[in-house]
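Observations on chain architecture
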Amino acid sequence: MKRYLELIVAATALVIVAVTIAAVFRLVDKSQLQQASLDREFKEADSATVADVQQRLKAHLSALPTDDPIVDRFGSFVAIEGRGYSRSGDPLENRPITMNRQIKFQNATVPCLITVSARGTLKFDVEIASADSRDSRKNVASGPPKMVVAVTHPRYIVNTSVFRDTIETTNSLDDIFETFVQGVVADDRQRLSTVRQWYDAQRKEKPTAAFVRRALVHPDEAVRLKAVEFLSTPLDGTKVHFSDSMMGELLIAVEDRDQPVTVRRELVFAILQGYENDRAELYDLLRQAGDEGLFAVKPIAQFMVDRSHRHWRNGGDFDAPIGAAELLQEWGPDASEAVPALIEVLREHPNQYSFAPAAAVALGAMGPEASEAVDALELATTARYGDVREAATEALNRISTSRASRFGRPLQFLTTEDREQFYPLKANRLFSWLSADRDSLMFLRTDGEKPSLHKVDLETAECKHLIDLDATGIQSAVGIGDQFIVLRLEDTNGKKTLFADTWSLNRLKRIKITTLAFLQPVNPNQKSLVDHIVWSDDRSKVAFVQSVRTPRDRGYTERRVLQVKSLDQPNPYPDDRPDEYLMVPIGFNSTNDSLILEGWCFQEKVNGIASMNLSTRDVEFLSPNEKSLTTLSRHRGAHDWIVVGYRSNRNGSTIKLLDPSTQSTREFVAEHGLAYMDQPWEPAVAFDASGRLMAVATRNGVDVFDTETRQRVSRHVLTLSGSPYKLRPLVFAADHRGFVLATVKGIPHSDPSTKNDLHLIRISADQ
């Protein structure tokens, strides 16, 4: 019995050993089969890579420019001859693919060694080398030439170990990926939510890269797009950031021309959401792609103006996609689809110190295709930062549009002599008025050797020198119809006489001299001045203040006399000093024979604005405690509006008007600080012929208001907020189209040689 049991045990042991040995052999066979299958798939991947490399190399060599050293030496590319490839090295180490080919050019056939040894975005590094080693004695290359091509390819697999890891990782994702596909096809939110939770939990791990890689080759485009959505929108709201392996997969997909363009665009947008230094690889890839990269213009433009992203937020402007703007610049007119986005960046992006200049440069590179950006670029020439101003100025020069500038145009002269006679200007010695037809602007310069009259066409800005006047001591000049009147003070042996000379614009000669007043100081030490000169609308009357100054030890005393003279009647108004002599004239009333005054009134013992009847010298007080801030010389209409108050700062301004006829006031609000006339120093305000519209010049432009409704009806923007330019008009008046503003100061001058030139700016009242 015992012997029997021993036999049974021995037999059992033999069976176990036999089974074990058989199992081992079966496992070995299975492993060998798996390895064989893996090697086969590996070789298939290599074959596909080799075929693609050869096709892409043909395209690369065909596109070489005529000045390339290869074309210069061998002629234009014809074909690649040869087949096959090999792997070398230890299977567990880097095993590059090598291909020996013959490259046929127009003038020669060159042997070529092609090596694929890196995985990444497609790149060819082509060199010409000698077939033999260098001659050490002569230190020169010898033997026939050959070509060496080093290739980086997106589908290159380093070795079978990496390939195995890739296959195993992908196989482990079968279930979750199948759930994902089913969720996309059926639009099943529950399944997609499950996959999303898994994806976010694995975001920084290798499985997500494998997941995305698998999704981006799925035949259903919706699956690809949903995968891109997953990787570009973290549920926790954190900044998008990709690992090196993930970034590599994304760049490969962006470059893949077989990928639907909608997917490629979404991938570009996803990568742009990273930090600027992480975007560099994308920029390089698209730059190397040339015209093939233009599909990315749309997502780049969208990202630039998407205000939900970090670079639009406070403190995040440093992360602006400057490289994207530089890429658009390189593409030039072909990227004109991005013009609206670049305009928005230029106008509103918080990064005005580096991103806005890059946007301006990109617009300039697009030339006439970016003509719609002219307004924004012109405004940018007034920006706070010098880099923006310079870039915008250069961009405008490159666009070369014939469109009228928002800054008007500088005066144009027929001859150099005309220009030299007109410039330089001195505001306090320049008189101007609109012609009777309001088509021209007349200028009388009185600071040269001889006063000179010039006519400027408001449509063409052409400035013509008309005549030199034989006159000195000019105090004022005004136009009336086809004539103009010059008020001059002549000194003869210490006796001063005030004359009014009437000149004909048609005949260009003086046709009448009127003696208005004799102004004699009491003694030679005294000085007589004429100031506060105002004219009636028909130019038949003039009012002024004669001041007689007597020197004292520390300054002088001044005696002032108000005088009103007529050019038609000899001395119709008495020259006696009225009680209200401390009041100065600010204009004649357009509806009755009265003079509007402002200052201290002894009769009422108050400071304010009053109306004096010129016949009776009676004074009617209009508004106490108000002071005129402008004369009536630029005011028209039934109201004779007077600016009596204002408030101005960087947050805005308020203009207060007084209507003398009703003795009522009203206020108007502008969004920017006020601009002031260059001479005299007062708020720059003008009224149209009806008095219904009022134009207010601000530091940043011109606002036009309806004086009845007090509403702003139009705005003409000249400079940006924070601009170093301060508008200061020389002329501001109403013409037949609206308003005309002439200025030297407050607008940019692209040519330094014309920085002191006068610009005419036409402002439509209904724009």
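Residues numbered from 1 in each chain as written. Predicted model: local features only at pLDDT ≥ 70, side-chain atom pairs only at ≥ 80, totals over all residues. Heavy atoms only, no water.

1. Structural notes on the packing of helix α5 (residues 189–201) against helix α7 (residues 221–232)
- Packing of α5 against α7 brings their axes to within 11 Å, and their N-to-C directions diverge by 45°. Taken together, the axes of α5 and α7 lie oblique to each other. Note on packing geometry: the crossing formed by α5 with α7 is right-handed. Side by side, α5 and α7 meet where L192, V195, R196 and Y199 of the first sit next to K226, E229, F230 and L231 of the second.
- For the contact of α5 with α7, a count of residues per class yields five nonpolar, no polar and three charged. (Axes fitted to C-alpha atoms, helices over the stretch in contact; angles between N-to-C directions. Helix = DSSP H or I, 4+ residues; strand = E, 2+ residues; numbered from the N terminus. Parallel < 35°, antiparallel > 145°, perpendicular 65-115°, else oblique. Left-handed = near helix turned anticlockwise from the far one by under 90°. Contact = heavy atoms within 4.5 Å. Nonpolar A, V, L, I, M, F, W, Y, C, P; charged D, E, K, R; others polar.)

2. Details of a negative patch on the surface
- Together, D291, E292, D334 and E369 line one region of the surface with negative charge.
- With respect to the element layout, D334 can be found in the loop between α12 (322–331) and α13 (339–348). (Patch = residues over 30% accessible without salt bridge, like charges linked within 9 Å, V, L, I, M, F, W, Y side chains within 5 Å. Areas by Shrake-Rupley, 256 points an atom, 1.4 Å probe, with all protein chains shown as cover. Salt bridge = Lys/Arg side-chain N within 4 Å of Asp/Glu carboxyl O. Lys, Arg positive; Asp, Glu negative; His and termini not counted. Charge placed at Lys NZ, Arg CZ, Asp CG, Glu CD.)

3. Some words on empty space enclosed by the protein
- A full pass over the atoms with the stated rule returns two cavities of 30 Å³ or more.
- Size it by volume and the second largest cavity reaches roughly 40 Å³.
- Along the walls of the second largest cavity sit H672, T698, N700, G701, V702, D703, R715, H716 and V717, which together make up its complete lining.
- Those elements giving two or more residues to the lining of the second largest cavity turn out to be β29 (701–706) and β30 (712–717).
- Classifying every residue of the lining of the second largest cavity gives two nonpolar, five polar and two charged. (1 Å grid on protein atoms, 1.4 Å probe; cavity = no way out; pocket = protein on both sides within 12 Å on 5 of 7 lines; lining within 4 Å. Points joined across faces, edges and corners; volume = space filled by probe spheres on them.)

4. Regarding the side chain of T707
- Here T707 lies in the loop between β29 and β30.
- A residue is classified by how much of its surface remains accessible, and T707, at 0% relative accessible area, is buried.
- Each residue touching T707, except ones within four places of it in the same chain, is listed here: W641, R666, F668, F687, G691, R692, L693 and M694. (Buried < 20%, exposed > 50% of the residue type's maximum accessible area, 1.4 Å probe, protein only.)

5. Details of the pattern of salt bridges
- Overall, the coordinates contain 25 salt bridges when judged by the stated rule.
- For the salt bridge of E348 with R307, the shortest nitrogen-to-oxygen distance reads 2.4 Å. Of this pair, E348 sits in helix α13 while R307 sits in the loop between α11 (297–305) and α12, and the two are 41 residues apart along the sequence.
- Overall, the relative accessible area of 44% leaves E348 in the partly exposed class.

6. Notes on the pairing of strand β9 (residues 430–434)
- Most of β9 sits out of view: four of its five residues are buried.
- Of the strand pairs in this sheet, β9 and strand β10 (residues 440–445) are connected by five bridges, and their pairing is antiparallel. Directly across from S432, in β10, lies its bridge partner F443.
- The antiparallel hairpin formed by β9 and β10 contains five residues in its connecting segment, where R438 sits at a positive phi of about 60°. (Pairing = 2+ DSSP bridges.)

7. Things to note about the sheet that holds strand β19 (residues 555–566)
- The strand order β17-β18-β19 describes an open sheet built from three strands, whose pairing is antiparallel. Of all strands in the sheet, those bounded by a partner on one side alone are β17 (527–535) and β19. Averaged over all neighbouring strand pairs, the angle between strand axes comes to 20°, with direction disregarded.
- Inspection of the sheet shows strand β18 (residues 541–552) paired to β19 by twelve bridges, in the antiparallel sense. Bridge assignment links V545 to a residue of β19, and that residue is L562.

8. Comments concerning the packing of aromatic side chains
- Scanning the model with the defined rule gives 20 aromatic pairs in all.
- Aromatic side chains W198 and F211 sit 5.5 Å apart centroid to centroid with 50° between the ring planes, which places their arrangement in the tilted category. With W198 in helix α5 and F211 in helix α6 (residues 206–215), this pair connects stretches of sequence that are 13 residues apart. This pair shows no difference in class: W198 is buried, exactly as F211 is.
- Pairwise contacts between aromatic rings join F177, F180, W198, F211 and F230 into one cluster.
- Sitting over the ring of F295, R264 keeps its end group 4.1 Å from the ring centre.
- Cation over ring: R307 sits above W312, and NZ or CZ is 4.2 Å from the ring centre. (Phe/Tyr/Trp six-rings, centres within 6.5 Å; stacked < 30°, edge-to-face > 60°. Lys NZ or Arg CZ within 6 Å of the ring centre and 35° of its normal.)

9. Looking at the environment of N523
- Locating N523 in the fold gives a position in the loop between β16 (509–519) and β17.
- Remark: the alpha-carbon pair of N523 and T550, spanning 27 residues in sequence, is separated by 9.0 Å.

10. Let's talk about the sheet that holds strand β27 (residues 685–687)
- Across the sheet, which stays open at both edges, the four strands sit in the order β27-β28-β29-β30 with antiparallel pairing between neighbours. Of all the strands in the sheet, just β27 and β30 have a single pairing partner and so form its edges. Mean inter-strand twist for the sheet, computed between neighbouring axes without regard to direction, equals 15°.
- For β29 and β30, the ladder comprises five bridges, and the chain directions are antiparallel.

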